[in-house]
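# Descriptive analysis of the structure
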Amino acid sequence: MTTLLSVRELTVRYEGLLALDAVDLEVTERTIAGLIGPNGAGKSTLIDAVTGFTPTHAGHVRLADRPLDGLPPHLRVRAGLTRTFQSLELFDDLTVRENLAVACSRPRWWEAVMDGLRRPPVADDRAVAATLEALGLADLADALPAELPNGPRHLVAIARAVVGQPRMVLLDEPAAGLDQRETQLLATSLRRLPDLGITVLLVDHDMSLVLGVCDTVCVLDLGRVIATGPPSVVRADPAVITAYLGTAAEPEPDTAGPPAAGPDPSGTGQAPGEDRP
Amino acid sequence: MIAALALGLVLTYRASGVVNFAHAAVGMYVAFAYYELRQSGELVLPVLGLPDRVPIVDRPTVLTALVTCTLLAAACGILIHGLVFRPLRDAPALGRVVASLGLFLYVQALVDLRFRTRGGTTFQIASMLPEGSVRIGGVVVFTDRFVLAGLVTAATALLWAAFRWTRVGLATRAAAASEKGALLTGLAPDRLAALNWAVATALGGVAVVLAAPIAGLDPGLTSLLIVPALAAALLGGLSGFWATLAAGLGIGMLQAGISRFATTADWLPDWVPKGGLQQGLPFLAILAAMTWRGSSLPTRGMEVTDHHQVAPPVSRSWPLPLVVATAGTIGLLGFGSEWRLGLIVSMVSAVLCLSYVVVTGFVGQISLAQLAIAGVAGFLTARLGTQAGIPFPLAPALAVLAAGAVGVLAGVPALRIRGMTLAIATLAFATTTEELVFKSSAFTAGLGGTTVPRPELFGLDLGIQGRGDAYPRVAFGFLVLGVLVALIVVALNLRRAGTGRRWLAVRANERAAAAAGIDVRLAKLSAFAWSAVFAGAGGVLLAYQRTELSVQSFVVVQSLALLALVYVAGIGSVTGALVAGALSIGGIVTAVLGTGGGRTAQYQFAVTGVALILSAIHNPQGLVGALHSWRQHRRARRRAPEPVEAAG
């Protein structure tokens, strides 16, 4: 088992606010790693920094020994590192199929010139078809994103991130706003990704999802890593309980505690103080 | 004056989030009204359709006139807010830009129609400020300029104090921060915004009135003061009054300094346009500053998604060009002289409009520089043909390629700025090109004119010139038609290919596009390049059609009018460009409707302006977009008795 993504002492400041404070993170190839933490812990910032969407002030990011520091987002994508967004950000003017096709083509610059002068080539969409099939979206391929129910929309966002056969995908709260049935469907889809050769870093508030599908879990609080390890270990970590689950919570909450720690059937566990739009 | 106009812009922007391109134009109208009132005692009303003018008093004094016009300006501000920008509060950026362009065209046409201005100003403009000069540190400063600067500074101080300490100022700031919040606290955001508009317009109007003796009053130039004013407002971050004041005064002084330098420096070669230097150089600096301050991708939390007109999918490339070719052939062979000219004008406009469809419709980048790019190609064609003796098909081809390169240059700011700001930057680019390139004697034979050589291929005359009914010559018509059809095919190819998909992805969401591995910079630059090629082809055709070119051939105002037309017609599709071409001024629709008289163009500008505002409010999808939605709606109803599961 080799380390695929390696983050060393990553630091991000937003106008004086220390959003990430020398964060270390390693993700092993073909596993699912979880990243949790209360609101404002720096989870989305970490994704933004690793994928090149926000400038870093110190630290290094490597993907299988290839340094990614300073590369713009689209070149990190071509190096095999993709992401999704919390707000999905699908291309509303394109059909589901086109959303995926856009993401798996890797054109050279002169094609922007050639495309005006030749008949549009018939696109090779085997990768698109395979991904649609794998995520159960084949029937919806020609719909526009706005016409889809919530669950499939989330799956399209993931499909768009994995269609180009990346080595690693960073998922930013893929279960936000999904109901329990949709979340379970999502979990099934996620477990399939490592078998396809795709390593996953999953950020979510839904604890039953994170603890259920992840091989390792990393807990972030106020821009620092406070715990790392297998789900069972992290769940019992006193620092985690203090920071994330609230001091009052027991390691094994039965009724009143947050749904974080157990295999809670409600499935929509949210952190205390969370305010999701 | 720039500072005063910029302050008004900041004020309206803070009040309702609108950058009002028509601000200087409205100020100009107020100034015209003032001088007309001083001269004839009649107040000219701003609404076409109402009685032209109202007599106030026989010989108004300076004070009466000034007060009347301040009130008039304030009323205009309230009117503009209520009729145009309030309904557009939640509209996309492009819609608001288009509406303010519409207002600009309307006011411009209004001034041309109501005040007999062609051929020089007819007013005696007497200065109201003390004349004379003082020496400060060895530099001669004219008193009137000094007093004007003082007045603007006083206005700034007043605004700043009002915003800081009064209830209304506080409320405006609250409303700008959160309209709903302001509503909940019992404030009326609409009334506040109207008040701000009134103050801003009055300020702009009075500034133009007072500055007219210094800067002159010219319907072609005064309204374009909006460009430096916008620049100053932008440098002030669209919010700080003092920063805006400093930027405005700074730009004014820089221009004056360059002007003196240019007239005294003998070593400057002849081809450098002296007047242009004064206008052009500051913009280059501003463009650079704006570009440098932007960011290459929108950051998290920035408003990234905007509503766009639909860009209907295209399944086949051949039907539309075929229809156009057939219709064009029938028209060229069947029409008489007048209609044929209309058809040719329309086809040339359609080519220009295609360039907007590519850059604004497909990629969502608002560019106001397209006609300037067309001008570069047009002048180059003339230059290459007459001076370098390069024959017909080669000279225009080179010119079009050069236009493509210029387009890439115009697109550079778009890599880091977007939306309203980009629209302003491209406007600055267009003005700079106009001032520095078109006015340069090396490139365009200066302010005179340039004769465009007749296009000829294998001894076949493809020129437009002919005797009597032979003008415009059918052969030229076919040249235009050929270019149009070829470019339609190119545009449809682009739309259908991977490039078009990537463009739409960038238009929809830049961050997501980058996350999908799309090189956003490449997508934008390639779109600017392609659209410049289209604009260049249009410019070349325009040059051949006019046979003579002058600086007036490619003025910024026409660029605005064209963009507006395409928006009304539907900027998301090639068909939209064709419809816009048909509707263009002097085009086939005008020819068929058979309007005559020299004032038609002005009325058409005014009507276009109103149509623009109305369509930005009521039909943001454009004609073609609306048709497309209607068709899809009907198809969906016919196809699906059982609707797809709608919500999860």
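Turning next to the overall build of chain B. Summing up its helical and strand segments, chain B has 26 helices and eight strands in all. In chain B, which comprises 648 residues, the proportion classed as buried is 53%. When contacts within chain B are restricted to residue pairs at least 6 apart in sequence, long-range pairs at least 24 apart make up 77% of them.

Another point: the overall build of chain A. When its secondary structure is counted, chain A shows ten helices and ten strands. Split into buried and exposed, the 277 residues of chain A put 46% on the buried side. In chain A, once contacts between residues fewer than 6 apart in sequence are set aside, the share between residues at least 24 apart is 66%.

Turning to the packing of helix α2 (residues 23-40) of chain B against helix α4 (residues 93-114) of chain B, a few remarks are in order. Residues and elements named next belong to chain B. Orientation of α2 relative to α4, taken along the N-to-C sense of each, is 20°, at an axis distance of 9 Å. One way to sum up the angle between α2 and α4 is to call them roughly parallel. Once α2 is placed against α4, the crossing between them reads as left-handed. Between α2, through Ala25, Val26, Met28, Tyr29 and Phe32, and α4, the contact on the second element is made entirely by Phe104, Val107, Gln108, Leu110 and Val111.

Looking now at the sheet that holds strand β9 (residues 216-221) of chain A. All names here are of chain A. Sheet architecture is open: six strands sit in the order β6-β7-β8-β3-β9-β10, paired in mixed fashion. Two strands bound the open sheet, and with one partner strand each, they are β6 (81-83) and β10 (224-229). Sheet twist, expressed as the mean angle between neighbouring strand axes with direction ignored, is 20°. Two elements, strand β3 (residues 32-36) and strand β8 (residues 199-203), share four bridges in a ladder whose sense is parallel. Bridge pairing in β8 places Ala33 opposite Leu201. Contacts between helix α1 (residues 43-51) and the sheet are confined to β3, β6, β7 (168-172), β8 and β9, with β7 contributing the most and set at about 150° to the helix.

The next point concerns the domain arrangement of chain B. Often, the extent of an interface is quoted as the loss of accessible area on bringing the components together. Residues and elements named next belong to chain B. Looking at the assigned domains, one finds that chain B contains domain 1 (2-250) and domain 2 (319-554). Each side of the interface is counted separately: domain 1 has nine residues, and domain 2 has nine residues. Elements supplying a minimum of two residues to the side of domain 1 that touches domain 2: α4 and α9 (226-235). Ranked by the residues each element gives to the side of domain 1 that touches domain 2, the list is headed by α9, at four residues.

Burial analysis of α1 of chain A places nine of its nine residues in the buried class, which makes it a mostly covered element. Downstream of α1 of chain A by one or two residues, Gly52 of chain A has phi in the positive range, about 90°.

A rise of 1.5 Å per residue sets the reference length of α4 of chain B, with its 22 residues, at 32 Å; its end C-alpha atoms lie 31 Å apart and thus fit the reference within 8%. α4 of chain B sits mainly inside the fold: 19 of its 22 residues count as buried.

All names here are of chain B. The biggest cluster of nonpolar side chains holds 295 residues, and the ones touching the most others in it are Val351 and Val566. Two domains each donate at least three residues to this core, and these are domain 1 (2-250) and domain 2 (319-554). Those residues within four positions of Val566 in sequence are excluded, and the remaining contacts are Cys353, Tyr356, Val357, Ile571, Gly576, Ala577 and Ala580.

Our focus in this paragraph is the interface of chain B and chain A. Across the boundary between the two partners, chain B contributes 32 residues, which contact 38 residues of chain A. Only α18 (474-496), α19 (498-508), α20 (510-515) and α21 (520-546) of chain B provide two or more residues apiece to the side of chain B that touches chain A. When residues in the side of chain B that touches chain A are grouped by element, the largest group, seven residues, is from α19 of chain B. Class assignment for the residues of the side of chain B that touches chain A results in 18 nonpolar, seven polar and seven charged.

Another aspect to go through is the pairing of β3 of chain A. All names here are of chain A. Within β3, five of the five residues are buried, which leaves it mostly tucked inside the rest of the structure. Residues Ile32, Gly34 and Ile36 point to one face of β3 and Ala33 and Leu35 to the other, with burial holding for every one of them. As judged from the four bridges shared by β3 and β9, these two strands associate in the parallel manner. Of the residues in β9, the one forming a bridge with Leu35 is Cys218.

Turning our attention to unusual backbone geometry. All names here are of chain A. Even without being a glycine, Asp65 presents a positive backbone phi close to 70°. For Asp65, the location among the structural elements is in the loop between β4 (58-63) and β5 (66-67). Under the C-beta neighbour-count criterion, Asp65 is labelled exposed, with 9 such atoms within 10 Å. One non-glycine residue, Leu222, lies in positive phi territory at about 50°. Judged by the 15 C-beta atoms lying within 10 Å of it, Leu222 falls in the partly exposed class.

On to the packing of helix α13 (residues 337-362) of chain B against α21 of chain B. Residues and elements named next belong to chain B. Two numbers describe how α13 lies on α21: the axes approach to 8 Å, and their chain directions differ by 165°. Viewed along their axes, α13 and α21 adopt a mutual orientation that is roughly antiparallel. Along this stretch, α13 crosses α21, giving a crossing that reads as left-handed. Judged by residue contacts, Ile344, Val348, Val351, Leu352, Leu354, Ser355, Val358, Val359 and Phe362 of α13 engage Ala527, Phe528, Trp530, Ser531, Ala532, Phe534, Ala535, Ala537, Gly538, Leu541, Leu542 and Gln545 from α21. Split into classes, the residues belonging to the contact of α13 with α21 amount to 17 nonpolar, four polar and no charged.

As for its position among the elements, Ser553 of chain B is in the loop between β8 (548-549) and α22 (556-569). Note: C-alpha distance between Ser553 of chain B and Leu159 of chain B (394 residues apart in sequence) is 41 Å.

All names here are of chain A. Taken in spatial order, the four strands make up an open sheet running β2-β1-β4-β5, and their pairing is antiparallel. Here the strands that pair on one side only, and so sit at the sheet edges, are β2 (17-28) and β5. Relative to β2, α1 is tilted by about 70°, and along the sheet it contacts β1 (3-14), β2 and β4.

For the rest of this paragraph, the subject is the environment of Ser6 of chain A. Residue and element names in this part refer to chain A. Residue placement: Ser6 occurs in strand β1. For the pair formed by Ser6 and Val225, sequence separation is 219 residues and the distance between their alpha carbons is 14 Å. Among residues more than four places away in sequence, those in contact with Ser6 are Glu26 and Arg62.

Next up on the list: the confidence of the model for chain B. Any segment with low pLDDT has predicted coordinates that should not be analysed in fine detail. All names here are of chain B. Put simply, chain B has an average pLDDT of 76, and 76% of its residues get 70 or more. In the model, residues 641-648 has pLDDT below 50 throughout and makes seven contacts with residues more than four positions away in sequence or in other chains. Reported confidences for the modelled complex are a pTM of 0.83 and an ipTM of 0.83.

We now examine the pairing of β2 of chain A. Residue and element names in this part refer to chain A. Note that β1 and β2 share eight bridges and pair antiparallel. For Arg13, the partnering residue across the bridge sits in β2 and is Leu18. Following β1, the chain reverses through two residues before pairing antiparallel with β2; Glu15 in that reversal takes a positive phi of roughly 45°.

Turning our eyes to something else, we now look at the confidence of the model for chain A. Mean pLDDT over chain A: 83, with 87% of residues reaching 70 or higher. Under a pLDDT of 50 for its full length, residues 247-277 of chain A has, in the predicted model, 50 contacts with residues more than four places off or in other chains.

Conventions we followed
Residues numbered from 1 in each chain as written. Chains lettered and ligands numbered in written order. Predicted model: local features only at pLDDT ≥ 70, side-chain atom pairs only at ≥ 80, totals over all residues. Helix = DSSP H or I, 4+ residues; strand = E, 2+ residues; numbered from the N terminus. Buried ≥ 20, exposed ≤ 12 C-beta atoms within 10 Å, placed from the backbone. Contact = placed C-beta atoms within 7 Å. Axes fitted to C-alpha atoms, helices over the stretch in contact; angles between N-to-C directions. Parallel < 35°, antiparallel > 145°, perpendicular 65-115°, else oblique. Left-handed = near helix turned anticlockwise from the far one by under 90°. Pairing = 2+ DSSP bridges. Domains from an automatic or database assignment. Expected span 1.5 Å × (residues − 1). Core = buried A, V, L, I, M, F, W, Y, C linked by C-beta atoms within 7 Å. Nonpolar A, V, L, I, M, F, W, Y, C, P; charged D, E, K, R; others polar. pLDDT = per-residue confidence, 0-100.

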